[in-house]
Structures are given as structure tokens and as C-alpha cells.
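Structural characterization, general
Below, each chain spelled out in residue letters.
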Amino acid sequence: MTQVALILGASGRFGRSAAEAFARAGWQVRRFQRGTQDLAEAASGAQVIVSGWNPAYPDWAAQVPELHRQVIAVAEASGATVIVPGNVYVFGPQTPSPWCENSSHAAQNPLGRIRIEMEKAYRASSAQVIVLRAGDYLDTEASGNWFDTMITAKLHKGKFSYPGRADIAHAWAYLPDVARAAVGLAEIRANLPRHLDVPFAGYTLSGQEMLSAINRHLRHPARLRQMSWLPLQLARPFWPLGRCLLEMRYLWNTPHSLSGGLLQQLLPDFRDTPLRQALPRCLPEGLLSDQGSTAVCKDLVV
């Protein structure tokens, strides 16, 4: 019998990748359309709800609690398992790394507290919930994340703009891999506890290591450039998004990684895409060396 996955936020980065991964795995995928569909009706008969809604940062306080309250209510009524794409915002700068399922949620900044309260609401519900927690995404298409918007936006000018200390560890996750892990966890949900926090280790790289890895694929190597936060500081009084970005600056100056032990235990056959294969898929093809372009083409054929 075909299983059904309801994808909330299917046009967003996680929702898009999750929809593709569930479809490849043979699931029937329903892409929910906010404003035109009823959530309870759309969830009828679905075994899994992927909670991929993600408003813009300035709207989190007003929208996040209510959006996820709706998801919880529908999941409790329908019996569907909810998969929540978690992030590292719940951890404070003093939380010892590597961050794992037992690390304290000690963030004190507003965005971090919103995520903490959101996850508390899921934990307090009677629905089965899987929080799949990852670091910054590496996406196969430009989706407005740090990697494509800030860090690699000027590679065509030979500049790799890093927003923090380039000599410390930072957690990255190849988005198609995270989506595959979500499918794997969904398929063993009957054997999982009611609430599960699963860190996704992905790649742990300093800014310098990321630049070196990228340069292996570029036709013309880029140079490290420290991103200036001054424009955001100046815009802060009248640009809400700028205030939010500044709020999360500590993550670029706090060494951190995620533990992959629990995921490996739950999905022993799961393997990350090697970084040398993932990175070319996340970079503009016009900048790739002949070797990098060939690798991307081979991946598409396979």
C-alpha cells in the first residue's frame, strides 16, 4: 500500500527537497497550498506530515507559534507522524560541542527562544514527532541561504565572503542528504519513540577548509574575504531582517559540530554524499572547472 507524505512549505528549500526524496522512495506526495487548502482535509490519510513552513525571520514571533499549533492539532487528530526540520538556533554559544540530542537548549536570543518554545510545544503534544536537526544547508539551487546569498555570491569575482571566524568548525548539511534521512526515519517510524531529536552531522568544516574544497572545483580559485557586518549594523534601525541576521552572528564565531551517532544507530546503512560530489552541485556551473562540470553531468545522468 502506497504511503502518503503531506509536505508543508513544498516551495521552500527543505519542503522541495523532502518532496523529491519521498517521491523517489515511492511515496505519494501531497504538496499543501496555504490559502487554498484545508490542512485537516489535506492530512486525511497521510502517514507523515513534513512541517516545512518557514516564515521570514521578522515574522517568526507572529507566525511560528500559530503555524505549528495547527500542525500539532492536525497530527494529533489524524495520527500522522510529524517531521520537523530542526536547526542549531536552540543552542547557545556556551553549549559544549559537538551538539547532540542531549545538549541543552540554552539560546537566549529571540529567534533561538522562538525555536525552543516551538520544539517544546511538539514535545508536549501527543503526536509522534521527529526533529531532524542540521547545520547550514548546502542546496542544489539558489534558495536564499547563507551559502548562496552571502558566502559564494561573489565567486565570479574571485571572492569567498565568510561571515565569521574562518579558522573554527562550522556545521554544514547537504540538503538532499537531509531529505533522504527524513525518508529513512519516516519508514522506520513504527519503531521510534513518540518524540525523537536526531542530529544530522553532515560536514564539519572551517571557512578555510570550505574554501579549499570549493577551489578544487573552480576554474579560477577564489580568495578568502571577511564579510563586513557594518552594512547590517547601519541598516539595523530600519531593516528588521538585518536585525535578525545580526542576532544569529554568534553561530559564525562559535566552533560547533553535530553528533551523527544517533542517526547512524537508527539508519546504519545511511551514507552522506561525499563532499567532493556534493559541492559541485551547489555551485554555479559556469564557474566550475572542466573536471567539476564533468562530475555534475555524470551525477545527473546517474
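Before any of the text, the structure's been laid out above.
So, here is what we can say about the structure in this document. (Residues numbered from 1 in each chain as written. Predicted model: local features only at pLDDT ≥ 70, side-chain atom pairs only at ≥ 80, totals over all residues. Heavy atoms only, no water.)

**Here's the deal with the overall build of the chain**
- Summing up its helical and strand segments, the chain has 12 helices and 11 strands in all.
- Its C-alpha atoms put the chain at 55 × 50 × 40 Å along the principal axes.
- Here the chain, with 302 residues, has 53% of them falling under the buried criterion.
- Long-range pairs, those at least 24 residues apart, make up 77% of the contacts in the chain with a sequence separation of at least 6.
- One finds the centroid of the 30 positive side-chain charges in the chain at a distance of 6 Å from the centroid of its 24 negative side-chain charges. (Helix = DSSP H or I, 4+ residues; strand = E, 2+ residues; numbered from the N terminus. Buried < 20%, exposed > 50% of the residue type's maximum accessible area, 1.4 Å probe, protein only. Contact = heavy atoms within 4.5 Å. Lys, Arg positive; Asp, Glu negative; His and termini not counted. Charge placed at Lys NZ, Arg CZ, Asp CG, Glu CD.)

**Some points on the nonpolar core**
- Among the nonpolar cores identified, the biggest contains 71 residues, and L6, I49, F147, F160, W172, M210 and I214 are the most heavily contacted of them.
- In terms of residue count, helix α3 (residues 60-78) provides more of this core than any other element does, 7 residues in total.
- Apart from the residues lying within four places of it in its own chain, the contact partners of F160 are I151, L155, G207, M210, L211, I214, A222, R223, L224 and R225.
- In this structure, F22, Y137, F200 and L262 belong to the second largest nonpolar core, which totals 34 residues. (Core = buried A, V, L, I, M, F, W, Y, C linked by side-chain atoms within 4.5 Å.)

**Re the environment of R223**
- Mapping R223 onto the fold places it in strand β11 (residues 223-226).
- When the C-alpha atoms of R223 and A142 are compared, they prove to be 21 Å apart, with 81 residues separating the residues in sequence.
- In this view, R223 contacts G158, K159, F160 and L211; residues no more than four positions away in its chain are not counted.

**Quick look at the layout of surface pockets**
- Considering only enclosed or pocket space, the largest pocket measures out at about 920 Å³ in volume.
- As for the largest pocket, its lining consists of 40 residues, and the residues nearest its centre are R13, N54, Y57, W60 and Y89.
- For the lining of the largest pocket, the secondary-structure elements that each account for two or more residues are α1 (13-24), α3, β4 (81-86), α4 (110-124), β6 (136-138), α5 (146-151) and α9 (240-247).
- Looking at the lining of the largest pocket residue by residue, the classes come out as 21 nonpolar, 16 polar and 3 charged.
- A volume near 220 Å³ is recorded for the second largest pocket.
- Lining the second largest pocket, in full, are T149, M150, A153, K154, S161, R225, Q226, M227, S228, P231 and L232.
- Within the residue set of the lining of the second largest pocket, elements represented by two or more residues are α5, β11 and α8 (230-235).
- Residues that form the lining of the second largest pocket fall into these classes: 5 nonpolar, 4 polar and 2 charged. (1 Å grid on protein atoms, 1.4 Å probe; cavity = no way out; pocket = protein on both sides within 12 Å on 5 of 7 lines; lining within 4 Å. Points joined across faces, edges and corners; volume = space filled by probe spheres on them. Nonpolar A, V, L, I, M, F, W, Y, C, P; charged D, E, K, R; others polar.)

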